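Descriptive analysis of the structure
Each chain, written out:
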Amino acid sequence: MSHFHRMDATLFCEGVALDALAATHGTPLYVYSRGEIEQAYSAYRAALAHHDHLICYAVKANSNLAVLDVLARLGAGFDIVSIGELERVLAAGGNPEKVVFSGVCKTREDMRRALQAGIHCFNVESEAELDMLAVVAEESNLVAPISLRVNPDVDARTHPYIATGLKDNKFGIAIGTALSLYRKAAALPGIQPIGIDCHIGSQILNIEPFSEAVAHLVRLVDQLGESGIELKHIDLGGGLGVSYEGETVPAIGDYISALTGPLEAHNLTLILEPGRSIVANAGVLLTRVEYLKPTTHKNFALVDAAMNDLLRPALYGAWQDIVPVTASGNITRCWDIVGPVCETGDFLGKSRDLALRSGDILAVMGAGAYGFAMASNYNSRPRPAEVLIDGDTTHIVRARESLETLWAGESTISGASL
Ligand SMILES: *Cc1c(COP(=O)(O)O)cnc(C)c1O
């Protein structure tokens with residue numbers, strides 16, 4: 001059941017009417033549902049009930065402290081890709097012992113801080129990174145628990161920008177060299193191999209690529225066992241897709257069975273790193289129609305949200321549903337929904353049949369993942385506010401940026417800062 005629903009033709013998030021919310025807090029506005037986040041997380045937990053597991057939410061999908069707080073209260077772990085994300089997790093009350101650290105280019109400082117915080121595992125992406133981590137761990141008098149991120153050369157059949165498990169991609173260690181690198185790792189002081197991981201991409205709508213990846217990794221786990229290297233966990237990353245445009249999404253139970261089936265004969269904790277599938281449908285972006293610009297060739301609806309607020313349509317040509325928060329009763333026309341940024345790529349949706357009037361509030365659906373997280377200040381636009389709805393309660397979880405924050409930290413060449 002979605003926590004976004006209509007009552008008397010008005011769109012609600014849980015118990016809160018979105019037209020009133022936009023009037024109170026302004027637009028553009030990100031709105032998240034606590035109930036929807038909890039529902040998505042609980043579906044993973046229920047499907048994994050019979051297997052030793054750790055769900056590490058991928059912080060990059062939506063890193064708002066309130067979102068992390070909601071998940072930390074449910075006992076979630078976290079998958080991070082930067083020290084900024086680690087500090088967010090800690091600030092939100094997350095447990096560092098449930099943190100796995102991914103990312104292709106961790107610096108020494110990143111390593112030092114994560115070691116000191118006592119994270120669960122470093123997901124190592126290259127031999128050079130392994131060598132550096134060994135040095136930093138020894139300097140810190142600590143032992144770094146590691147997993148090698150293996151690139152299984154599997155086609156996730158998704159958008160090329162978010163396919164990460166092919167040998168052409170920058171991610172991970174070629175599966176053919178992983179065995180010898182594990183042997184090296186096991187012999188390095190300061191390094192303790194505890195797991196193996198992969199992450200083959202995002203917005204994946206077929207189970208087969210996951211099945212292929214787990215088969216490759218399990219074969220490697222067996223070979224490692226024969227070499228006397230016993231691992232404690234297998235981390236199969238994130239990547240499960242969501243329905244943006246009515247796509248059929250694998251049932252979570254089927255997805256989890258495909259992963260746990262091949263692990264039955266092994267005593268391995270299963271770690272997953274879901275991002276999108278936890279938060280995408282828990283968020284919408286509210287935007288106001290400022291002007292209508294019908295032309296003989298095309299109709300443009302100019303709205304107050306832009307590619308700097310929600311990049312996915314411009315970056316990937318991603319399709320997200322756009323719906324009126326209340327019905328305006330105007331005649332239906334075909335509109336391109338475009339923002340104020342000076343780029344032709346600045347659109348939220350194209351060729352949408354909608355009945356619009358200026359002043360209408362629209363909701364861009366499925367905006368909870370890779371929405372605010374990818375927002376920028378391009379065109380000197382303050383980033384939107386974010387609110388989290390919990391029943392009838394609205395928590396303002398990020399204030400709208402002020403104009404002054406746009407140049408905070410800048411100065412003119414005479415040293416004057418305004
Ligand atoms: C982005 C990412 C994830 C999350 O992917 P989703 O498609 O959002 O589930 C998990 N693990 C790693 C290493 C990632 O880079």
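Everything below is about the structure shown above.
All of the points below concern the structure found in this document. (Residues numbered from 1 in each chain as written. Predicted model: local features only at pLDDT ≥ 70, side-chain atom pairs only at ≥ 80, totals over all residues. Heavy atoms only, no water.)

**Some details on the overall build of the protein**
Convention followed: Secondary structure counts use DSSP, requiring at least four H or I residues in a row for a helix and at least two E residues in a row for a strand, with both numbered from the N terminus. All radius of gyration figures rest on C-alpha atoms, and the globule criterion is 2.2 Å times the number of residues raised to 0.38. Categorising residues by exposure relies on relative accessible area from a 1.4 Å probe, with only protein chains included: less than 20% of the type maximum marks a residue as buried, more than 50% marks it as exposed, and the intermediate range marks it as partly exposed. In this analysis, two residues are considered to be in contact whenever any of their non-hydrogen atoms come within 4.5 Å of each other. The protein chains shown are the only cover counted for residues, whose accessible areas, like all others here, come from Shrake-Rupley with a 1.4 Å probe. His is not counted, nor are the chain ends, whereas Lys and Arg count as positive and Asp and Glu as negative. Charge placement uses NZ in Lys and CZ in Arg. For Asp and Glu, CG and CD serve respectively.
Scanning the protein for helices and strands turns up 11 helices and 21 strands. Taken against the 2.2 N^0.38 rule, which gives 22 Å for 418 residues, the C-alpha radius of gyration of the protein at 23 Å falls within 12% of a compact globule. Overall size of the protein, expressed as C-alpha extent along the three principal axes, is 70 × 60 × 40 Å. The buried share among the 418 residues of the protein stands at 53%. Of the contacts formed within the protein by residues at least 6 apart in sequence, a portion of 69% connects residues at least 24 apart. Looking at the protein as shown, the accessible area adds up to about 17700 Å², and 52% of this sits on carbon and sulfur atoms. The average position of the 32 basic charges and that of the 49 acidic charges among the side chains of the protein differ by 4 Å.

**Side note on the side chain of Ser-63**
Here Ser-63 shows up in the loop between β5 (53–58) and α3 (65–73). Under the relative-accessibility criterion, Ser-63 is labelled buried at 17%.

**Quick notes on the packing of aromatic side chains**
Describing an aromatic ring pair means giving the distance of the ring centres and the angle of the ring planes. What counts is decided by this rule: The rule is short: rings of Phe, Tyr and Trp, with Trp giving its six-membered ring, pair when the centres are within 6.5 Å, and they are stacked under 30 degrees, edge-to-face over 60, tilted in between. In this scheme, Lys NZ or Arg CZ marks a charge over a ring once it lies within 6 Å of the ring centre and within 35 degrees of the ring normal.
Counted under the stated rule, the structure contains seven aromatic pairs. A ring pair is formed by Tyr-44 and Tyr-255, whose centres lie 6.4 Å apart and whose planes are at 90°; its orientation type is edge-to-face. One end of the pair, Tyr-44, is in helix α2 (residues 34–47); the other, Tyr-255, is in helix α9 (residues 252–260), and 211 residues separate them in sequence. Each member of the pair, Tyr-44 together with Tyr-255, is buried. Of the aromatic side chains, those joined through ring pairs into one cluster are Tyr-30, Tyr-32 and Phe-372. A cation over an aromatic ring shows up here: Lys-106 above the ring of Phe-101, its NZ or CZ 5.5 Å from the ring centre. Looking at Arg-312, its charged tip hangs above the ring of Tyr-244, at a distance of 4.3 Å from the centre.

**Some points on the sheet that holds strand β2 (residues 10–13)**
What counts here: Strand pairing is assigned whenever DSSP detects at least two bridges linking the two strands.
Taken in spatial order, the three strands make up an open sheet running β1-β2-β3, and their pairing is antiparallel. Of all the strands in the sheet, just β1 (4–7) and β3 (16–17) have a single pairing partner and so form its edges. By the bridge criterion, two bridges tie β2 to β3 in an arrangement that is antiparallel. Looking at the pairing, Phe-12 lines up with Ala-17 of β3.

**Here we look at the site of the ligand**
Cut-off, in case you're wondering: Consider each residue's heavy atoms; a residue with any of them within 4 Å of a molecule or strand counts as near. In the analysis that follows, any N or O atom pair within 3.5 Å is treated as a polar contact, provided that within protein one partner can donate a hydrogen and the other can accept it, and provided that, for residues neighboring in sequence, both atoms belong to side chains. Basically, the charged four are Asp, Glu, Lys and Arg, the nonpolar ten are Ala, Val, Leu, Ile, Met, Phe, Trp, Tyr, Cys and Pro, and anything else, Gly included, counts as polar.
For the ligand, the set of nearby residues contains 14 residues, the closest of which are Lys-60, Ser-202, Glu-273, Arg-276 and Tyr-370. One nitrogen or oxygen atom from the side chain of Asp-79 is found 3.1 Å from a nitrogen atom belonging to the ligand. Between the ligand and Gly-275, the relevant distance is 2.9 Å, taken from an oxygen atom to a main-chain nitrogen or oxygen of the residue. Of the residues belonging to the shell around the ligand, the class tally is three nonpolar, six polar and five charged.

**What to know about helix α6 (residues 127–139)**
Definition in use: To estimate how far a helix should reach, multiply one less than its number of residues by 1.5 Å.
Its 13 residues place the ends of α6 19 Å apart at the C-alpha level, agreeing with the 18 Å of an ideal helix rising 1.5 Å per residue. Inspection of α6 places Glu-129, Leu-130, Leu-133, Ala-134, Val-136 and Ala-137 among the buried residues, and these make up the whole buried set. Of the surrounding elements, those touching the buried residues of α6 are α5 (108–117), β8 (121–124), β9 (144–151), α7 (175–187) and β11 (191–197). Of the residues trailing α6, Asn-141 is marked for its positive phi of about 55°.

**With respect to the pairing of strand β4 (residues 29–33)**
Within β4, five of the five residues are buried, leaving the element largely enclosed by the surrounding structure. Pairing between β4 and strand β14 (residues 283–294): four bridges, direction antiparallel. Bridging from a neighbouring strand, Leu-29 pairs with Leu-286 of β14.

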